[in-house]
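Here is how the chains run, residue by residue.
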Amino acid sequence: MTASKCIFWKSLPKPEYLFDINPQIEGVKLLSEADKLKDNSLNSVVFDLPFIVSSGAMSKIKERFSHFETLEELYEANNKMLEHSYRLLKKQGVLVVKTMDICRGNKQVWISDYVIRKAEELGFELIDKFILLSNLRLFARTHQQRVARKYHSYFFVFRKSILR
């Protein structure tokens with residue numbers, strides 16, 4: 001659902017359907033075209049939304065990755081992708097979500113917890129969790145660090161419940 005440059009798929013067989021909000025390579029369709037797919041038609045869905053929330057000046061991180069202007073946009077995008085995935089997945093279908101917790105204004109923002117709660121509210125069951133350590137250490141320079149920097153992201157594996 002968020003193919004980007006398909007780096008995730010470089011060592012894997014490419015899926016039948018590749019979508020993104022802003023397709024960057026040939027063969028990736030606009031995410032809005034996924035609306036044409038039938039309900040309960042897919043066995044698996046993968047999405048990896050941006051993790052940056054910033055309305056300020058450009059930075060190395062913002063140059064490399066797309067971003068949200070507000071936390072509300074980030075939460076709404078997660079809600080929409082979870083709902084979209086639930087609609088498209090067959091019963092017992094598998095959803096993989098890559099996400100990351102962030103720090104905003106010296107406060108922790110637990111996106112990972114939010115994704116789990118919202119997915120479970122929709123009818124997904126969390127069946128596995130992977131932690132991916134980053135080799136890259138891009139961060140904003142601060143005079144005083146007040147919270148732990150995040151050098152990892154999560155891959156959550158959900159299964160669509162057969163009960164709903």
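Read on for an overview of the structure.

### A closer look at the overall build of the protein chain
At step 1: On a plain count of helices and strands, the protein chain comes out with three helices and ten strands.
At step 2: Ordered by position from the N terminus, the helices and strands of the protein chain form the series β-β-β-β-α-β-α-β-β-β-α-β-β.
At step 3: Expressed as a percentage of its 164 residues, the buried residues of the protein chain come to 37%.
At step 4: Once local pairs closer than 6 in sequence are excluded, the contacts in the protein chain between residues at least 24 apart make up 65%.
At step 5: Accessible surface for the protein chain amounts to roughly 10,600 Å². Of this, 52% is attributable to carbon and sulfur atoms.

### Observations regarding the pattern of salt bridges
At step 1: Tallying each qualifying case throughout the model produces two salt bridges.
At step 2: Ionic pairing is found between D39 and R87, a salt bridge with its closest N-O pair at 2.5 Å. Taken together, the residues span a long stretch of sequence, with D39 in the loop between β2 (29–30) and β3 (42–48) and R87 in helix α2 (residues 71–88) at a distance of 48 residues.
At step 3: For D39, a relative accessible area of 48% corresponds to the partly exposed category.
At step 4: For R87, a relative accessible area of 25% puts it in the partly exposed group.
At step 5: Between K118 and E121 there is a salt bridge; the shortest N-O distance is 3.3 Å. A residue pair is termed a helical-turn pair when its members lie 3 or 4 positions apart in one helix, as K118 and E121 do in helix α3 (residues 111–122) at three residues.

Scoring rules and cut-offs
- Residues numbered from 1 in each chain as written.
- Predicted model: local features only at pLDDT ≥ 70, side-chain atom pairs only at ≥ 80, totals over all residues.
- Heavy atoms only, no water.
- Helix = DSSP H or I, 4+ residues; strand = E, 2+ residues; numbered from the N terminus.
- Buried < 20%, exposed > 50% of the residue type's maximum accessible area, 1.4 Å probe, protein only.
- Contact = heavy atoms within 4.5 Å.
- Areas by Shrake-Rupley, 256 points an atom, 1.4 Å probe, with all protein chains shown as cover.
- Salt bridge = Lys/Arg side-chain N within 4 Å of Asp/Glu carboxyl O.

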